[in-house]
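# Overview (structure and organization)
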Amino acid sequence: MMDMPGNIIKIADYKYLIQKSSGMNVPGLIFADDTLIRKVIEDKAYEQVANVATLRGIQDYSMAMPDIHYGYGFPIGGVAAFDIKEGIISPGGIGYDINCGVRMIKTGIDASDLGREKIKELCRKFYNNIPAGVGRSGSLPVSAGELKEVLRKGARWAIERGYGDSGHLQDIEDEGFMEGADPEDLSDRALQRGKTQLGTLGAGNHFLEIQKISDIYDKETAEVFGIKKGMVTVMVHTGSRGLGYQVCDDYLKIMQKAIKKYNIEIKDRQLACAPFKSPEGQRYFRAMKCAANYAWANRQVITGKIIEILREVFSSDIKTGLVYDVCHNVGKVEEHNGKKLIVHRKGATRSFGPSRPELSGKDSSGKGSPRKDSSGKYSKTGQPVIVPGTMGTSSYVMKGTDNALEESFGSTCHGAGRVMSRRKAKSLVDGRELVKRLDSKGIILMARSLKTAAEEAPEAYKDVSGVVEVCHNAGLSSKVARARPLGVVKG
Amino acid sequence: MAEQQKFREIDHSSDIAVEVYGSTLGELFNSAFEGLLFLALDKGNDKSRKKESGKKKIQLEASSPEELLVDFLNEILFLINAENIMIQSGKVTVKENYLEADLSISRDSAEKYIKQEIKAATYHNLDIIRRRSSFKATVFFDT
């Protein structure tokens, strides 16, 4: 067993505490098992957890989910909640790819009816019709006026234009849009980038995956989520593209000035922030909401295209719907223990349990509101949590828990979490060999760049099953089903 | 005498990072510029070089050399990723918190040559370390 830094102690199964030291307003708390914590120590991600703990107004703990790894400023897998009256908001705590997220589309297709040739055909059609990779061509261009509608309406905008149907909204976190988004808070550059990239997947770790539900762990909940063993599902992982990157970059610049103006001390310039209630903080929050809405519209446009292709390949009356859509890079105002907090999740997923009013069709005051996440159908199970794995392993469907509300501001992991640099992965993995290796496991990979695919090889990531087990055992989310990849499309 | 190393890619578990060097602040910025082009663009195909067709000038001001460096690198990324401008080479001149860069660009679209999507240069752990006759910085990029 490697030496543990002196300030880190195991306080319970799956919980490691970073004791408060100079400058930290709260302790750090890492959810991990004895294997995963070694990686956290090795890549020094715990130092970033401690740095976040120094920020003004942070509540309870600076937290990290089991898929934590070293990021820039905040760790990836970090959760930090700040009092909205006293605390700050930080663009770096949300990340460049605002509302990067995952959605799972369910289908009426049984995997036994999906031979190898059909999987290939689907991959090819996805690859040809849904722009993936770097750059901008082949997207759904929108005018400046339309873009502003996208930024205000989110997924609803795409549905109004025929991409998917209105039934999808109840299975998207926040019904696919955040209220209060104001395009006036975006720079011309952000708007420029947004006009050309709607309906595109992007590159890096973004992907489309054809999957089959291979295991059901919680039959009752799986029924509520509408999934069963053998069902073909399609997973979409993408975010707000260049528009989101530009919003983050623009506001990080503004926050570099804000820390001086508001006399805020930070341990790393990437943690630059402003008081949540300040004009700078509020402007960023409104701009962030625009980018979040753009990401939901983006995933919805892609969903519409996927459904169209499924109908073309199978039949026009094929049943489709969403299991759920989660964001894993976002900031939200939520009430926890009677206090309104701005919860930053960077590489972490909301994991609300049954008791949350948001799932019952009522607002946090319990009086009811027009926002009805899931029309109340998850008020007995907890919200679905989608955890993508790597292209050679499995992905998981989990459910949110009330325990997570007590332990982690209702948060859980967002995926496997990297263990290897992209450079190292490229040097160790040959893209063509990877295609062959996956093929031998019955997984078809179509990638625009074999180098990018090599960077995303399964060995570059932690074992997603290990991460999911820790979340399950620590009660941050609970396993419902596992999905195995059949075909992967990457940029 | 062998030419001094200008930049070195270093390991970072989630993203990419580059260590850049120079004997002056201006050289450091030029090294960072070259490092970014190396990471972002595949310039192995010289066909694009033949189509070199124009110049572009960038002028930036910031409140510190570190912020200036991030602003500059993100400006380059904006030109490549959003404007689709293929940058061939450039010369950067820096005077403390003010920068001018003269870029040689080609008519070809950058999209064809993008090696990997780099979202942004970050401020993470960014310090320009000045010694008597050398400058060094590490820039982390989000990919």
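Quick look at the structure, then. Since we're looking at a predicted model, the values are computed, not measured. (Residues numbered from 1 in each chain as written. Chains lettered and ligands numbered in written order. Predicted model: local features only at pLDDT ≥ 70, side-chain atom pairs only at ≥ 80, totals over all residues. Heavy atoms only, no water.)

So, on to the interface of chain B and chain A. Chain B puts 34 residues into the contact, and the matching count from chain A is 37 residues. Across the chain B to chain A interface the summed buried area is about 3,400 Å²; carbon plus sulfur atoms make up 45%. Taken together, the connections running from chain B to chain A amount to five salt bridges. Among the salt bridges present, the one from Arg-189 of chain A reaches Glu-75 of chain B, with a minimum N-O distance of 2.8 Å. Counting every contact that joins chain B to chain A gives 16 residue pairs in polar contact (both at pLDDT 80 or more). (Contact = heavy atoms within 4.5 Å. Buried area = accessible area lost by both parts, 1.4 Å probe. Salt bridge = Lys/Arg side-chain N within 4 Å of Asp/Glu carboxyl O. Polar contact = N/O pair within 3.5 Å; in protein donor to acceptor, adjacent residues only side chain to side chain.)

The next subject is the sheet that holds strand β13 (residues 339-346) of chain A. Residues and elements named next belong to chain A. As summarised here, the arrangement of the seven strands in space is β1-β2-β3-β4-β5-β13-β12, forming an open sheet in which the pairing is mixed. Of all strands in the sheet, those bounded by a partner on one side alone are β1 (8-12) and β12 (329-336). Averaged over neighbouring strand pairs, the angle between their axes works out to 40° when direction is ignored. Alignment of strand β5 (residues 74-83) against β13, held across six bridges, turns out to be antiparallel. Residue pairing for β13: Ala-80 is matched across the bridge by His-344. (Pairing = 2+ DSSP bridges. Helix = DSSP H or I, 4+ residues; strand = E, 2+ residues; numbered from the N terminus. Axes fitted to C-alpha atoms, helices over the stretch in contact; angles between N-to-C directions.)

Attention now moves to the nonpolar core. Nonpolar side chains in soluble globular proteins tend to end up buried together. Core analysis: the biggest nonpolar cluster contains 128 residues, and Ile-30, Phe-126, Val-247 and Ile-306 of chain A have the highest contact counts within it. Here this core gets 16 residues from one element, more than from any other, and that element is helix α9 (residues 279-313) of chain A. Excluding its chain neighbours within four sequence positions, the residues that come into contact with Val-247 of chain A are Ile-98, Leu-186, Ala-190, Tyr-284, Ala-287, Met-288 and Ala-291 of chain A. Of all hydrophobic cores here, the second largest spans 53 residues; its members include Ile-76, Ile-87, Val-94 and Ile-128 of chain B. (Core = buried A, V, L, I, M, F, W, Y, C linked by side-chain atoms within 4.5 Å. Buried < 20%, exposed > 50% of the residue type's maximum accessible area, 1.4 Å probe, protein only.)

Attention shifts here to the packing of aromatic side chains. What the rule picks out here adds up to nine aromatic pairs over all chains. Plain terms: the ring middles of Phe-225 of chain A and Tyr-378 of chain A are 5.5 Å apart, the flat faces sit at 85° to each other, and that makes the pair edge-to-face. With a gap of 153 residues between them, Phe-225 of chain A in helix α7 (residues 219-225) and Tyr-378 of chain A in the loop between β14 (349-350) and β15 (384-387) connect regions that are remote in the sequence. Tyr-378 of chain A sits in the buried class, given a relative accessible area of 0%. A ring pair is formed by Phe-276 of chain A and Phe-285 of chain A, whose centres lie 5.2 Å apart and whose planes are at 65°; its orientation type is edge-to-face. Side by side, Phe-276 of chain A and Phe-285 of chain A carry an identical accessibility label, which is buried. A cation over an aromatic ring shows up here: Arg-356 of chain A above the ring of Phe-352 of chain A, its NZ or CZ 4.3 Å from the ring centre. Here Lys-115 of chain B stacks its cationic end above the ring of Phe-38 of chain B, 4.4 Å away from the centre of that ring. (Phe/Tyr/Trp six-rings, centres within 6.5 Å; stacked < 30°, edge-to-face > 60°. Lys NZ or Arg CZ within 6 Å of the ring centre and 35° of its normal.)

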